[in-house]
Amino acid sequence: MSAITENLIRSNWAAVEVQALFDLPFNDLMFKAQTVHRQFFDPNTVQISQLLSIKTGACPEDCKYCPQSTRYDTGLKVEPLMEVDHVIEEARAAKQSGATRFCMGAAWRSPKKKDMPYVVAMVEGVKSLGLETCMTLGMLTEGQSQELAAAGLDYYNHNLDTSPEYYEDIITTRTYGDRLTTLENVRSAGMKVCSGGIVGMGEELKDRVGLLMQLANLPVHPESVPINMLVKVDGTPLDNVDDLEPFDFIRTIAVARILMPKSHVRLSAGREEMNEQMQAMTFLAGANSIFYGEKLLTTPNPSANKDMELFAKLGIKPEGYAQTHRPEDEAAMLVDKIQQQENDAVFYNAAS
Ligand code: SF4
């Protein structure tokens, strides 16, 4: 990396600087984000991860956006921890569909001692397929972080969710400090950090500034920064919150790209409600990672097939997939492959 690009990696952002980015005219912000993006990434490549819920619902935490909390009546079907073999089968199918990273999520406050041997076996099994591994299991102690790292876990996801100031309006059962401690434990154990937040939860612009500033001022930027648009689920306390203006979402992606130039900025929950044009604009703003599959934990996600059609329209190629082929052929090949899998009825359908 040259000295010029190195200077773009900072962990000392002030709120006024971040606010000034949000305040730029839209076209200027997009140009700046795209300029930064091109210094660190191929602008026509998007990383694909697939997410599987390995334990669903009955979570004791009170995150006001989440249908998996036991405190809200959302009609969600509770499912216990999935069998290890089943998880590995799902990972194999995800790999065949073009995913390079497999993320496993459990609705826990934190893993219990009795759970650890199972999640360790899942990491080892998924890793042995040649996939990158990621987990989100709630808070982790130092010891648990080390155990997962030793098993080969590449990434750990733990979101900050929102700004420190707005946080208590959203969650009361764990503190912002608890979240930062988990991120420290993950980092110290040598794993890569995946951490982002959710917008559209009724927060103000200053909270989006605060969230991104917290992430960008971590000693090392998270390698992966998921930016979620709230999916309003009936029965949760946020089911009636006002919609976020779509341009404010795109601005959030662009500012995240500028603040954390080397990180993958992931377009996560809420993509189902974005049309193709809006998704394309988020890629232009610097998003370069998506989750695909039909369900994103428990909320809908566009089908892999539709994603690949959009990639083909935009000339985007999936990162790390079929690198031996000509780039222009890759998206089309993936569309064919996925259609064939659907025909063979082997495509993972989390909705069933
Ligand atoms: S977001 Fe995670 S911790 Fe919070 S209620 Fe949902 S599953 Fe539990």
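Everything discussed here concerns the structure shown above.
Residues numbered from 1 in each chain as written. Predicted model: local features only at pLDDT ≥ 70, side-chain atom pairs only at ≥ 80, totals over all residues.

*Asks:* Can you lay out the overall build of the protein chain for me, pointing to particular residues and giving the numbers?
*Replies:* The helix and strand inventory of the protein chain stands at 13 helices and 12 strands. Residue burial in the protein chain is summarised as follows: out of 352 residues, 46% are buried. (Helix = DSSP H or I, 4+ residues; strand = E, 2+ residues; numbered from the N terminus. Buried ≥ 20, exposed ≤ 12 C-beta atoms within 10 Å, placed from the backbone.)

*Asks:* How would you summarise the packing of helix H2 (residues 15-23) against helix H9 (residues 205-216) if you had to cite specific residues and measurements?
*Replies:* Where H2 contacts H9, the two axes come as close as 9 Å, and the packing angle between them is 120°. One way to sum up the angle between H2 and H9 is to call them oblique. The two elements H2 and H9 cross, and the hand of that crossing is right-handed. Here Ala 15, Val 18, Gln 19 and Phe 22 of H2 lie close against H9, whose contacting residues are Leu 205, Val 209, Leu 212 and Met 213. (Axes fitted to C-alpha atoms, helices over the stretch in contact; angles between N-to-C directions. Parallel < 35°, antiparallel > 145°, perpendicular 65-115°, else oblique. Left-handed = near helix turned anticlockwise from the far one by under 90°. Contact = placed C-beta atoms within 7 Å.)

*Asks:* Residues and numbers for the site of the ligand, please.
*Replies:* Residues in close proximity to the ligand include Cys 59, Glu 61, Cys 63, Cys 66, Gln 68, Ser 69, Ala 107 and Gly 138, which together make up its full environment. Partitioning the shell around the ligand into residue classes produces four nonpolar, three polar and one charged. (Near = placed C-beta within 6 Å. Nonpolar A, V, L, I, M, F, W, Y, C, P; charged D, E, K, R; others polar.)

*Asks:* Describe helix H8 (residues 176-188), with residues and values.
*Replies:* Because each turn of an α-helix spans 3.6 residues, side chains separated by three or four positions in sequence point in the same direction. Relative to the 18 Å expected for 13 residues at 1.5 Å per residue, H8 spans 18 Å between its end C-alpha atoms, a close match to the ideal helical length. Turning to H8, its buried residues number three or more, namely Arg 179, Thr 182, Leu 183, Asn 185 and Val 186. Seen along its axis, H8 keeps its buried residues to an arc of 160°; they face one direction. The exposed set on the far side of H8, more than 90 degrees from its buried face, consists of Gly 177 and Ser 188. Check the buried side of H8 and you find it contacts helix H6 (142-151), strand E4 (155-157) and strand E5 (192-194). Once H8 ends, the next one or two residues include Gly 190, with phi positive near 95°. (Expected span 1.5 Å × (residues − 1). Arc of directions from axis to C-beta.)

*Asks:* Please give an account of the nonpolar core that cites residues and values.
*Replies:* Ranked by size, the top nonpolar core spans 84 residues in total, and within it Met 135, Tyr 156, Leu 212, Ile 253, Ala 254, Ala 256 and Leu 259 carry the most contacts. When residues of this core are assigned to their parent elements, the largest contribution, eight residues, is made by helix H10 (residues 246-259). Beyond its immediate sequence surroundings of up to four residues, Leu 259 is in contact with Trp 13, Val 18, Leu 212 and Ala 216. (Core = buried A, V, L, I, M, F, W, Y, C linked by C-beta atoms within 7 Å.)

*Asks:* Please provide a residue-by-residue account of helix H4 (residues 84-96), values included.
*Replies:* With 13 residues, H4 extends 19 Å between its outermost C-alpha atoms, agreeing within 8% with the 18 Å of an ideal straight helix rising 1.5 Å per residue. Elements in contact with the buried residues of H4: strand E1 (45-55), strand E2 (101-106) and helix H5 (116-127). Phi turns positive one or two residues past the end of H4, at Gly 98, with a value near 105°.

*Asks:* Requested: an account of unusual backbone geometry, with residues and values cited.
*Replies:* If you check the backbone angles, Ala 58 has positive phi at about 60° while not being a glycine. Inspection of the secondary structure puts Ala 58 in the loop between E1 and H4. On the neighbour-count criterion, Ala 58 (14 C-beta atoms within 10 Å) is partly exposed. The residue Asp 161 is not glycine, and still its phi comes out positive at about 75°. Relative to the helices and strands, Asp 161 is located in the loop between E4 and helix H7 (164-170). Residue classification places Asp 161 among the buried residues on the basis of 23 C-beta atoms within 10 Å.

*Asks:* Quick one: what's the story with the pairing of E2, residue by residue and with numbers?
*Replies:* A large share of E2 lies buried, amounting to six of its six residues. The two faces of E2 match: Arg 101, Cys 103 and Gly 105 on one face and Phe 102, Met 104 and Ala 106 on the other face are all buried. Pairing geometry for E1 and E2, over six bridges, is parallel. If you follow Ser 53 over to E2, its bridge partner there is Gly 105. Assessed by its sense of winding, the connection that carries the chain from E1 through H4 to E2 is right-handed. As paired strands, E2 and strand E3 (residues 132-136) are joined by five bridges and run parallel to one another. Each bridged residue has a counterpart across the sheet, and for Phe 102 the counterpart in E3 is Thr 133. (Pairing = 2+ DSSP bridges. Right-handed = clockwise from strand over helix to strand, strands pointing away.)

*Asks:* Quick rundown of the environment of Glu 273? Include the residues and the values.
*Replies:* Locating Glu 273 in the fold gives a position in the loop between strand E8 (264-267) and helix H11 (276-284). Spatially, the C-alpha atoms of Glu 273 and Val 231 are 8.5 Å apart, while their sequence positions differ by 42 residues.

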